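Chain and residue survey
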Amino acid sequence: MALLRQPLLLLARSQQVKNLVSTLPVSAGIVRGYVPGEGTEDAVRAAGELAADGLTATLDFLGEDTSDRAQADATVAAYVDVLAALSAKGLASGTEVSLKLSAIGQFLPVDVAPEGGHRVALENARTICRAARNAGTTVTLDMEDYTTTDSTLAILRELRKDFPETGAVLQSYLHRTEDDCRELAYEGSRVRLCKGAYAQPESVAYQDAADVDRSYVRCLKVLMEGQGYPMVATHDPRLVEIATSLAGRAARPQGSYEFQMLYGVRPDEQRRLAANGERVRVYVPYGQEWYGYLMRRLAERPQNLAFFARSLVSK
Ligand code: FAD
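Residues numbered from 1 in each chain as written. Predicted model: local features only at pLDDT ≥ 70, side-chain atom pairs only at ≥ 80, totals over all residues.

A word on the overall build of the protein chain. Tallying secondary structure elements over the protein chain gives 13 helices and eight strands in all. Its C-alpha radius of gyration of 18 Å places the protein chain within 12% of the 20 Å reference for a compact globule of 315 residues. When its C-alpha atoms are laid out on the principal axes, the protein chain stretches across 50 × 45 × 45 Å. When burial is assessed residue by residue, the protein chain has 44% of its 315 residues classed as buried. Taking the contacts inside the protein chain whose residues are at least 6 apart along the sequence as the reference set, 73% of them involve residues at least 24 apart. (Helix = DSSP H or I, 4+ residues; strand = E, 2+ residues; numbered from the N terminus. Rg over C-alpha atoms; globule rule 2.2 N^0.38 Å. Buried ≥ 20, exposed ≤ 12 C-beta atoms within 10 Å, placed from the backbone. Contact = placed C-beta atoms within 7 Å.)

Turning our eyes to something else, we now look at the pairing of strand β8 (residues 280–286). Along β8, seven of the seven residues are buried, which leaves the element largely enclosed by surrounding structure. What you see with β8 is no split at all: Val-280, Val-282, Val-284 and Tyr-286 on one side and Arg-281, Tyr-283 and Pro-285 on the other are buried throughout. Where strand β1 (residues 56–61) and β8 come together, six bridges link them in parallel fashion. Considered in β8, the bridge of Asp-60 is made with Pro-285. Relative to β8, strand β7 (residues 258–262) is paired through four bridges, and the arrangement is parallel. When the sheet's bridge partners are listed, Gln-260 is paired in β8 with Arg-281. For the segment spanning β7, helix α11 (residues 267–275) and β8, crossover handedness is right-handed. (Pairing = 2+ DSSP bridges. Right-handed = clockwise from strand over helix to strand, strands pointing away.)

This part takes up helix α7 (residues 149–162). Compared with the 20 Å implied by 1.5 Å per residue over 14 residues, the 21 Å span of α7 between its first and last C-alpha is a close match. Taken together, the buried residues of α7 touch α6 (117–135), β3 (139–141) and β4 (168–171). (Expected span 1.5 Å × (residues − 1).)

Turning our eyes to something else, we now look at the sheet that holds β8. Ordered by their spatial adjacency, eight strands build an open sheet running β3-β2-β1-β8-β7-β6-β5-β4, and the pairing between neighbours is parallel. In this open sheet, the two edge strands, each paired with only one partner strand, are β3 and β4. The sheet shows a mean angle of 30° between the axes of neighbouring strands, taken without regard to direction. The pairing of β1 with strand β2 (residues 95–99) spans four bridges and is parallel. Across the sheet, Ala-57 pairs through a bridge with Thr-95, a residue of β2. (Axes fitted to C-alpha atoms, helices over the stretch in contact; angles between N-to-C directions.)

Around the ligand, the structure places 22 residues, and the nearest of them are Asp-142, Cys-194, Ala-197, Thr-234 and His-235. At the level of elements, β4, β7 and α12 (291–300) are the ones that each hand at least two residues to the shell around the ligand. Broken down by element, the residue count for the shell around the ligand peaks at three residues, all from β7. Residues belonging to the shell around the ligand are distributed by class as follows: 10 nonpolar, five polar and seven charged. (Near = placed C-beta within 6 Å. Nonpolar A, V, L, I, M, F, W, Y, C, P; charged D, E, K, R; others polar.)

We note that Asp-65 has phi near 55°; this positive angle belongs to a residue other than glycine. Residue Arg-266 is not a glycine yet carries a positive backbone phi of 50°. With respect to the helices and strands, Arg-266 occurs in the loop between β7 and α11.

Membership of the largest hydrophobic core comes to 87 residues, with the highest contact counts inside it found for Ala-47, Tyr-79, Val-82, Ala-125, Leu-193 and Val-284. For this core, the element with the most residues is α6, which contributes nine residues. Ignoring anything within four residues of it in the chain, the contact list for Ala-47 reads Ala-57, Leu-59, Leu-86, Leu-91, Thr-95 and Val-284. (Core = buried A, V, L, I, M, F, W, Y, C linked by C-beta atoms within 7 Å.)

All right, on to the packing of α6 against α7 then. Close contact between α6 and α7 brings their axes to 10 Å; oriented N to C, the two are set at 45°. Taken together, α6 and α7 sit at an angle that is classed as oblique. Two packed elements cross with a definite hand, and for α6 against α7 that hand is right-handed. On α7, the residues that touch His-118, Ala-121, Leu-122, Ala-125, Arg-126 and Cys-129 of α6 are Ser-151, Ile-155, Glu-158 and Leu-159. By residue class, the composition of the contact of α6 with α7 is six nonpolar, two polar and two charged. (Parallel < 35°, antiparallel > 145°, perpendicular 65-115°, else oblique. Left-handed = near helix turned anticlockwise from the far one by under 90°.)

Now for the environment of Leu-8. You can see Leu-8 is positioned in helix α1 (residues 5–11). Along the primary structure Leu-8 and Pro-230 are separated by 222 residues, whereas in three dimensions their C-alpha atoms are 30 Å apart. Not counting the four nearest positions on each side in its chain, Leu-8 is found in contact with Met-295, Leu-298, Ala-299 and Pro-302.

This part covers the pairing of β2. Of all five residues in β2, five are buried, a share of seventy percent or more. Of the two faces of β2, the one holding Thr-95, Val-97 and Leu-99 and the one holding Glu-96 and Ser-98 are both buried throughout. At this point the chain moves from β1, through helix α5 (residues 69–88), to the parallel β2, and the crossover so formed is right-handed. Across three bridges, the pairing between β2 and β3 is parallel. Residue pairing for β3: Ser-98 is matched across the bridge by Thr-140.

Right, dumping it as structure tokens:
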């Protein structure tokens, strides 16, 4: 099954396969398992349902790698809209948003953005951070493939000057991440640690799952012993257990860190942790651009491929 991971991650970037698969309705079983719907109202409904179960959420308006300025602007508008809706429903204190900088212009070509994509993404991210603050909540910057890490961390540093509550994401599969954790483990710094979801070359990333896990533990130790707020994003039962014991060893009370899992993945475990007093946040992706997200989830769990194939045949 591990052999299927790289090809599936490459397919995540294939326009032809995307065109075929994107004809699936969001209601198709395999998509609906991971994405509650396409609209603001679907995301807010999911956040409300999670809140009723004692869970918090982070909403992600799906989209990435845009080379179209109008699309980047539409993504900013979607975030502003969902933040206002969360505030109106009284859900903003337990629900934040996650943001991919490549969806708001980070890599716009120069003919579209003469000032440079980096600057466009920074200004767009500022607009979303301001809307989040007005709503009473926060933004976390998702981390994408390794070619974006430096630019994303540079934008994070800029944003944190005005919005120190902005969260970062670090990926344990990258060789550099233990150092990045040390740099970001300061007071007030919210850091989500995940394994990493993209196909990365061995010059920059561990290829073996056991090495990625060992790196995760080293990074987690740095974050738990540091002064920041660790956000432990994994479904891996061993890592969840290790996180709990590292928090204990660092004398961290529950609530001084949190667990994070994806919508639809191990929902019983999400509720079990919350019932044990842990803070648990569920990452809720919504919108029409679910293709790349779905392919990354299939790469993590190729057992779901048969289910996926049936959805395509019966559509
Ligand atoms: P794995 O080794 O993949 O899985 C461990 C166990 O979890 C499996 O044995 C299985 O029991 C269960 N499981 C895992 N995946 C599934 C599934 N799809 N369906 C059912 N069961 C499953 N990656 C990034 O690169 N950038 C980000 O910004 C980012 N943000 C994330 C935010 C959150 C809240 C989470 C939870 C993940 C995020 N990821 C991100 C993805 C992450 O990098 C991993 O690719 C993903 O979480 C799978 O790794 P894992 O730690 O769950 O371990």
